[in-house]
Amino acid sequence: MDKKILIVDDERSIADIIKFNLEKEGYFVETAYDGEEGVKRVYELLPDLVVLDIMMPKKDGFQVLKEIRKDLKVPVIMLTAKEEEVDKVLGLELGADDYITKPFSMRELVARIKANLRRVDFSNIESNGDVIVSEELSIDLNKYEVKKKGQVVELTLREFELLKFLASSAEQVFSREQLLEEVWGYEYYGDIRTVDVTVRRLREKIEDNGGEFKYIMTKRGVGYYFRRG
């Protein structure tokens, strides 16, 4: 069955040309032209991936993302028309998996879509039941489930992939550039802030409030590593 992609962008010419190119790649594609319609179509279509513009009428992309993340873990690639760090960081903080700045090449957008879809192709996960346990944290690699003190921790797929990668190579330090390549799955053209934001979100969910970090550690001037419990 074709992967379903929803494009939410009020610039119809952009949405339509993205749709045309993705359909040539074999995807089933639908479009929405404002944020309100976008939220509605997400829940009707239940797409495998959403391409979401930020600047839209009725509801902007950030509002749409907030609503999506209440119930769904679908990968979201955000489109931003300006190279402003605050837009990118806010999108990642709200749970976006990726972003791309207009103008962009269709080749790059398609590559990012394919990379994000590979992350959620559960049919490629080995059903070996592996579970990584570190103190109060357990990471079920088969179920894509994380528990802290026995309680399920809700992570986005990107957050899980980052935690899984670090925990699978405990005590090994990875630079931000290495993490971008290994976890995001393609060259990210040097935007290492993406890693820092995702690590911060992950720490907020798995570390103890106000305490010292127990799981994801920082090697100053180098990068991050997962501490073996």
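Residues numbered from 1 in each chain as written. Predicted model: local features only at pLDDT ≥ 70, side-chain atom pairs only at ≥ 80, totals over all residues. Heavy atoms only, no water.

If you check an unreviewed UniProt entry, the chain appears there as Response regulator transcription factor from Tissierella simiarum.

### Points about the packing of aromatic side chains
The condition that has to hold: The aromatic pairing rule takes the rings of Phe, Tyr and Trp, using the six-membered ring of Trp, and pairs them if the centres are within 6.5 Å, calling planes under 30 degrees apart stacked, those over 60 edge-to-face and the rest tilted. Only runs of H or I of at least four residues qualify as helices and only runs of E of at least two qualify as strands under DSSP, and these elements are numbered from the N terminus. Partly exposed describes any residue whose relative accessible area lies between the buried limit of under 20% and the exposed limit of over 50%, with all areas from a 1.4 Å probe on protein chains only and scaled to the type maximum.
Tallied over the full model, the rule gives three aromatic pairs. On the basis of an interplanar angle of 25 degrees and a centroid distance of 4.3 Å, the ring pair of Tyr 144 and Phe 160 is categorised as stacked. Of this pair, Tyr 144 sits in the loop between strand 7 (137-140) and strand 8 (145-148) while Phe 160 is found in helix 6 (residues 157-168), placing the two residues 16 residues apart along the sequence. Both residues of the pair, Tyr 144 and Phe 160, count as buried.

### Re the sheet that holds strand 3 (residues 49-53)
Applied cut-off: Whether two strands pair comes down to DSSP finding at least two bridges between them. The convention used is that axes are lines fitted to C-alpha atoms, helices contributing only their stretch in contact, and that angles between N-to-C directions extend from 0 to 180 degrees. In what follows, a contact means two residues having at least one pair of non-hydrogen atoms within 4.5 Å.
The strand order 2-1-3-4-5 describes an open sheet built from five strands, whose pairing is parallel. Looking at which strands have only one partner, the edges of the open sheet turn out to be strand 2 (28-32) and strand 5 (98-101). On average, adjacent strands in this sheet sit at an angle of 20 degrees to one another, irrespective of strand direction. Inspection of the sheet shows strand 4 (residues 76-80) paired to strand 5 by four bridges, in the parallel sense. Across the sheet, the residue bridging to Met 78 is Tyr 99, located in strand 5. Packed on one face of the sheet, helix 1 (residues 12-24) meets strand 1 (4-8), strand 2 and strand 4 and runs near 170 degrees to strand 2. Contacting strand 3 and strand 4, helix 3 (residues 61-71) runs over the sheet at an angle of about 170 degrees to strand 4.

### Details of the side chain of Thr 198
Here is the rule: N or O atoms closer than or at 3.5 Å make up a polar contact, with two conditions inside protein: a donor-capable atom paired with an acceptor-capable one, and, for residues adjacent in sequence, both atoms drawn from side chains.
Inspection of the secondary structure puts Thr 198 in helix 8 (residues 193-206). Residue classification places Thr 198 among the buried residues on the basis of a relative accessible area of 6%. Of the polar contacts made by the side chain of Thr 198, one reaches the backbone oxygen of Thr 194; its length is 2.9 Å. Beyond its immediate stretch of four places on either side in the chain, Thr 198 contacts Glu 159, Leu 162 and Trp 184.

### Here we look at helix 3
Note the threshold: Picture the helix axis, draw a direction to every C-beta atom, and the arc is the one those directions span.
Residues of helix 3 that are buried: Gly 61, Phe 62, Val 64, Leu 65, Ile 68 and Arg 69. Down the axis of helix 3, the buried set is contained in an arc of 155 degrees. They therefore lie on one face. Pointing more than 90 degrees away from the buried face of helix 3 are the exposed residues Lys 70 and Asp 71. Between a side-chain oxygen at the N-terminus of helix 3 and the backbone nitrogen of Phe 62 the separation is 3.1 Å; the capping residue is Asp 60.

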